[in-house]
Amino acid sequence: MSQGAEFRVEVDGPVLASRGGLYGAGDVRCAAPAQTLARHRYARSAIGAVVSGVFGYQTPVGSATATPGAIVLGNAEESFGCLHLDGAGNRRAVLALDDLLMDELAEDLRCADGRFAIAAVASGRETAPLYGAIRQLARDSRPQEEAVVAVTAAALALGRRVRRRDASRVDHRRVREVAHDVQRRYAETLPLTQLAADAGLSRYHFIRAFRDVTGETPRQFQIGARLKAAADQLLDTKAPITTIALNVGFNDLSHFNHTFREAFGCSPRAWRQAA
């Protein structure tokens, strides 16, 4: 399956909105009659967060009863069945994943292959963060590379032992060089794929090494650099706040105001006035 192909969860299912060619995301519904086994086939490896409905879920790697809050997993080209236990059908927030990402993460986690080892995990306290992350990714129209890498790695690790490779001194040196470049080019769009390639690392390994070096993810680090630059420009220039927001890389003024307030405890206007 080519990287540029459409993103669908099921072979005959709707096309999902592509997020930068790395994954497709959205909400899907199944309205099969109660107590009727509906059979389907996955087009892509997929992760689903069950929002509503109760159904029996059957795949070649296992079966489970899925309830709201559960995480259901499916591998590309696998057949699966849904047996609805009520008449309401089900609704899922779903991610359809790029094949190359699955293979890349399998190598990073030292898995035998880039396929999920279990069919589902039940709703509960431990799975709540994964459920929340999937729902957010399904609703966000912007590509969220870091988040989808983290979610997919967590899902791929379910039901198996993984051996994550530790970052070496060379890895840390490369990451420090990239971090310095991010500080210099903070206003630019810097995709995770590009930054990881600059460091000579996979995306998953780069995120982990970057956090080791800086204490933050690459995206958090870049936003921090943008906010510092904005704070300086608010004090050192008379440029309009909207202009400053655009200058430092924020395309949404409301997002800039919210992020600035979270970081500095006041709005950009109040920050300027206090000086």
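Above this text you will find the structure in question.
What counts as what
Residues numbered from 1 in each chain as written. Predicted model: local features only at pLDDT ≥ 70, side-chain atom pairs only at ≥ 80, totals over all residues. Heavy atoms only, no water. Helix = DSSP H or I, 4+ residues; strand = E, 2+ residues; numbered from the N terminus. Buried < 20%, exposed > 50% of the residue type's maximum accessible area, 1.4 Å probe, protein only. Contact = heavy atoms within 4.5 Å. Areas by Shrake-Rupley, 256 points an atom, 1.4 Å probe, with all protein chains shown as cover. Lys, Arg positive; Asp, Glu negative; His and termini not counted. Charge placed at Lys NZ, Arg CZ, Asp CG, Glu CD. Pairing = 2+ DSSP bridges. Axes fitted to C-alpha atoms, helices over the stretch in contact; angles between N-to-C directions. Salt bridge = Lys/Arg side-chain N within 4 Å of Asp/Glu carboxyl O. Core = buried A, V, L, I, M, F, W, Y, C linked by side-chain atoms within 4.5 Å. Phe/Tyr/Trp six-rings, centres within 6.5 Å; stacked < 30°, edge-to-face > 60°. Lys NZ or Arg CZ within 6 Å of the ring centre and 35° of its normal. Left-handed = near helix turned anticlockwise from the far one by under 90°. Nonpolar A, V, L, I, M, F, W, Y, C, P; charged D, E, K, R; others polar.

Peer 1: If you had to explain the overall build of the protein chain to someone new, which residues and values would you point to?
Peer 2: Within the protein chain, the regular secondary structure consists of 10 helices and 10 strands. The principal-axis extent of the C-alpha atoms belonging to the protein chain is close to 65 × 40 × 35 Å. A burial count over the protein chain gives 47% of its 275 residues as buried. Of the contacts formed within the protein chain by residues at least 6 apart in sequence, a portion of 72% connects residues at least 24 apart. Total accessible area computed for the protein chain in this model is approximately 13,700 Å², and 48% of it derives from carbon and sulfur atoms. Positive and negative side-chain charges in the protein chain, numbering 35 and 30 respectively, have mean positions lying 4 Å apart.

Peer 1: Lay out the sheet that holds strand β6 (residues 62–66) with the relevant residues and their values.
Peer 2: The antiparallel open sheet is built from four strands, whose spatial order is β3-β8-β5-β6. The two strands at the open ends of the sheet, each matched to only one other strand, are β3 (37–41) and β6. Each strand of the sheet is rotated relative to its neighbour by a mean of 20°, with strand direction disregarded.

Peer 1: Which residues make up the pattern of salt bridges, and what values do they have?
Peer 2: In this structure the tally under the stated criterion is 11 salt bridges. With a closest N to O distance of 2.4 Å, Arg 184 and Asp 181 form a salt bridge. One end of the pair, Arg 184, and the other, Asp 181, are both in helix α4 (residues 169–184), three residues apart, so they sit about a helical turn from each other. With a relative accessible area of 58%, Arg 184 lands in the exposed category. Members of the salt-bridge network, linked through shared partners, are Asp 181, Arg 184, Arg 185 and Glu 188.

Peer 1: I'd love a proper account of the nonpolar core, names of residues and values included.
Peer 2: If you look at the biggest cluster of nonpolar residues, it comprises 46 residues, and the most contacted ones within it are Ile 47, Ile 71, Leu 95, Leu 97, Ile 134 and Phe 206. When residues in this core are grouped by element, the largest group, six residues, is from helix α3 (residues 145–157). Filtering out sequence-adjacent residues up to four positions away, Phe 206 remains in contact with Val 175, Val 178, Leu 192, Leu 195, Ala 196, Ala 199, Leu 201 and Pro 218. Core analysis: the second largest hydrophobic core is formed by 17 residues, Val 9, Ala 46, Val 50 and Phe 55 among them.

Peer 1: Outline the sheet that holds strand β2 (residues 23–30), listing residues and values.
Peer 2: Sheet strands associate in pairs through backbone hydrogen bonding, adopting either a parallel or an antiparallel arrangement. Pairing in this open sheet of six strands is antiparallel, and the strands run β1-β2-β9-β4-β7-β10 from one edge to the other. A strand with exactly one partner marks an edge of an open sheet, and here the two such strands are β1 (17–19) and β10 (120–121). Seen against the sheet, α3 touches β2, β4 (45–52), β7 (71–74) and β9 (90–97) and runs at an angle of roughly 105° to β9.

Peer 1: Just give me the short version of the pairing of β2, but keep the residues and values in it.
Peer 2: Counted residue by residue, β2 has six buried out of eight residues, so it is predominantly covered. Two elements, β1 and β2, share three bridges in a ladder whose sense is antiparallel. The partner of Arg 19 across the bridge, within β2, is Tyr 23. The hairpin formed by β1 and β2 contains three residues between the paired strands, and Gly 20 there has a positive phi angle of roughly 70°. The sheet contact formed by β2 and β9 spans eight bridges and is antiparallel. Residue Gly 24 lies in a different strand from β9, and its bridge partner there is Ala 96.

Peer 1: I'd like a description of the environment of Ala 167, backed by residues and values.
Peer 2: Structurally, Ala 167 is set in the loop between α3 and α4. Since its relative accessible area comes to 23%, Ala 167 is described here as partly exposed. With 43 residues separating them in the primary sequence, Ala 167 and Phe 210 have C-alpha atoms 9.4 Å apart.

Peer 1: An account of the packing of aromatic side chains is needed here, citing residue identities and associated values.
Peer 2: This structure, assessed with the given rule, holds 10 aromatic pairs. Aromatic pair Phe 264 and Trp 271: ring centres 4.9 Å apart, planes at 50°, arrangement tilted. Classification of Phe 264 by relative accessible area gives partly exposed; the value is 30%. In this structure, Arg 44 packs its charged tip against the face of Phe 7, placed 4.2 Å from the ring centre. Above the face of the Phe 250 ring, Arg 226 is positioned so that its terminal group lies 6.0 Å from the ring centre.

Peer 1: Pulling in residues and values, what's your account of the packing of helix α7 (residues 218–236) against helix α8 (residues 241–248)?
Peer 2: Where α7 contacts α8, the two axes come as close as 9 Å, and the packing angle between them is 145°. Crossing of α7 against α8: the hand is right-handed. In this structure, α7 contributes Arg 226, Ala 229, Ala 230, Gln 233 and Leu 234 to the contact, and α8 contributes Ile 241, Ile 244, Asn 247 and Val 248. Looking at the contact of α7 with α8 residue by residue, the class counts come to six nonpolar, two polar and one charged.

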